[in-house]
Amino acid sequence: NVTLSNGSTATFSVTATGDQPFSYQWQFNGVDIAGATSASLVINSPLRTQAGQYRVRVTNSFGNITSNAATFSIPDSDNDGTPNYWETANGLSNSIADSTLDSDGDGMNNLAEFLANTNPKNASSRLVAAISPAAGGGFTLSFTAQPNRTYGIQYRDSLTSGAWTTLQTYPAATSTQTINHTDPTSVPARLYRVITP
């Protein structure tokens, strides 16, 4: 079992004995986790929705066996939606519900900073996409995707009206990555936003 109170990484691991080679498949609450196929599972900067039961199925040429469940807990002492590990790492209080405060005055409250995995005490740390003209026409958006966060790129063609349309979604990754997405639109101007999770 793992309780994430300090730091921002939880690690589960398994040791198997028998005839090799082994293959591994980690599960969260009984559902296979895509890409989690090694003897260890590392969860970086987890969301509270990732608390639950983890187990692993180990397979060799003779068959397979599933481990007992390990419980992953992410305490939130003040019940404000931002877990203790994140508040501690960012100099916030675990005993004061401060998720609606904007600690750095950048227009994002502390809960939004947690969801984006940005620093709530640094106004320049925010989820921002850079936009540039694409070589073949249209626009290219670039942004930094944080671990364990899903992202969506949305657009609309009017600044003041119209519904946001999803252009692309990106699943959560295990590490920080740079996303570059090209929209081959022929419209001369377009408004974009990046959302998470």
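Rules and cut-offs
- Residues numbered from 1 in each chain as written.
- Predicted model: local features only at pLDDT ≥ 70, side-chain atom pairs only at ≥ 80, totals over all residues.
- Heavy atoms only, no water.
- Helix = DSSP H or I, 4+ residues; strand = E, 2+ residues; numbered from the N terminus.
- Buried < 20%, exposed > 50% of the residue type's maximum accessible area, 1.4 Å probe, protein only.
- Contact = heavy atoms within 4.5 Å.
- Lys, Arg positive; Asp, Glu negative; His and termini not counted.
- Charge placed at Lys NZ, Arg CZ, Asp CG, Glu CD.
- 1 Å grid on protein atoms, 1.4 Å probe; cavity = no way out; pocket = protein on both sides within 12 Å on 5 of 7 lines; lining within 4 Å.
- Points joined across faces, edges and corners; volume = space filled by probe spheres on them.
- Nonpolar A, V, L, I, M, F, W, Y, C, P; charged D, E, K, R; others polar.
- Phe/Tyr/Trp six-rings, centres within 6.5 Å; stacked < 30°, edge-to-face > 60°.
- Salt bridge = Lys/Arg side-chain N within 4 Å of Asp/Glu carboxyl O.

Quick notes on the overall build of the protein chain
Okay, step 1: In terms of regular secondary structure, the protein chain is built from two helices and 14 strands.
Okay, step 2: On the principal axes, the C-alpha backbone points of the protein chain span a range of 60 × 45 × 25 Å.
Okay, step 3: By the burial criterion, 38% of the 197 residues in the protein chain qualify as buried.
Okay, step 4: Of the contacts made within the protein chain by residues no fewer than 6 positions apart, 53% connect residues no fewer than 24 positions apart.
Okay, step 5: Separation between the mean location of the 9 positive side-chain charges and that of the 13 negative ones in the protein chain comes to 6 Å.

Points about the layout of surface pockets
Okay, step 1: Taken as a whole, the largest pocket spans an internal volume of roughly 560 Å³.
Okay, step 2: Listed by contribution, the elements that provide at least two residues to the lining of the largest pocket are β4 (31–32) and β5 (40–44).
Okay, step 3: Looking at the lining of the largest pocket, the element that brings in the most residues is β5, giving five residues.
Okay, step 4: Classifying every residue of the lining of the largest pocket by side-chain character gives 13 nonpolar, 10 polar and two charged.

Re the packing of aromatic side chains
Okay, step 1: All chains considered together, the criterion is met by nine aromatic pairs.
Okay, step 2: Here the aromatic rings of phenylalanine 28 and tyrosine 54 are separated by 4.9 Å at their centres, their planes lie at 35°, and the arrangement is tilted. With phenylalanine 28 in strand β3 (residues 23–28) and tyrosine 54 in strand β6 (residues 52–60), this residue pair connects regions lying 26 residues apart in the sequence.
Okay, step 3: Geometrically, the ring pair formed by tryptophan 86 and phenylalanine 114 is edge-to-face, given 5.5 Å between the ring centres and 65° between the ring planes.

So, the pattern of salt bridges
Okay, step 1: Summed over all chains, the structure comprises four salt bridges.
Okay, step 2: In this structure, aspartate 76 engages arginine 48 in a salt bridge whose closest nitrogen and oxygen atoms are separated by 3.0 Å. Remark: arginine 48 occurs in the loop between β5 and β6 and aspartate 76 occurs in the loop between β8 (70–73) and α1 (84–89); sequence separation between them is 28 residues.
Okay, step 3: Given the relative accessible area of 8%, aspartate 76 is considered buried.
Okay, step 4: Of the charged contacts in the structure, one is a salt bridge between arginine 190 and aspartate 157, with a shortest N-O distance of 2.6 Å.

Let's talk about unusual backbone geometry
It is generally the case that most residues other than glycine have a negative phi and that most peptide bonds are trans.
Okay, step 1: Proline 21 follows glutamine 20 through a cis peptide bond whose omega is 10°.
Okay, step 2: Relative to the helices and strands, proline 21 is located in the loop between β2 (9–13) and β3.
Okay, step 3: Non-glycine residue serine 45 carries a positive phi angle of around 45°.
Okay, step 4: With respect to the element layout, serine 45 can be found in the loop between β5 and β6.

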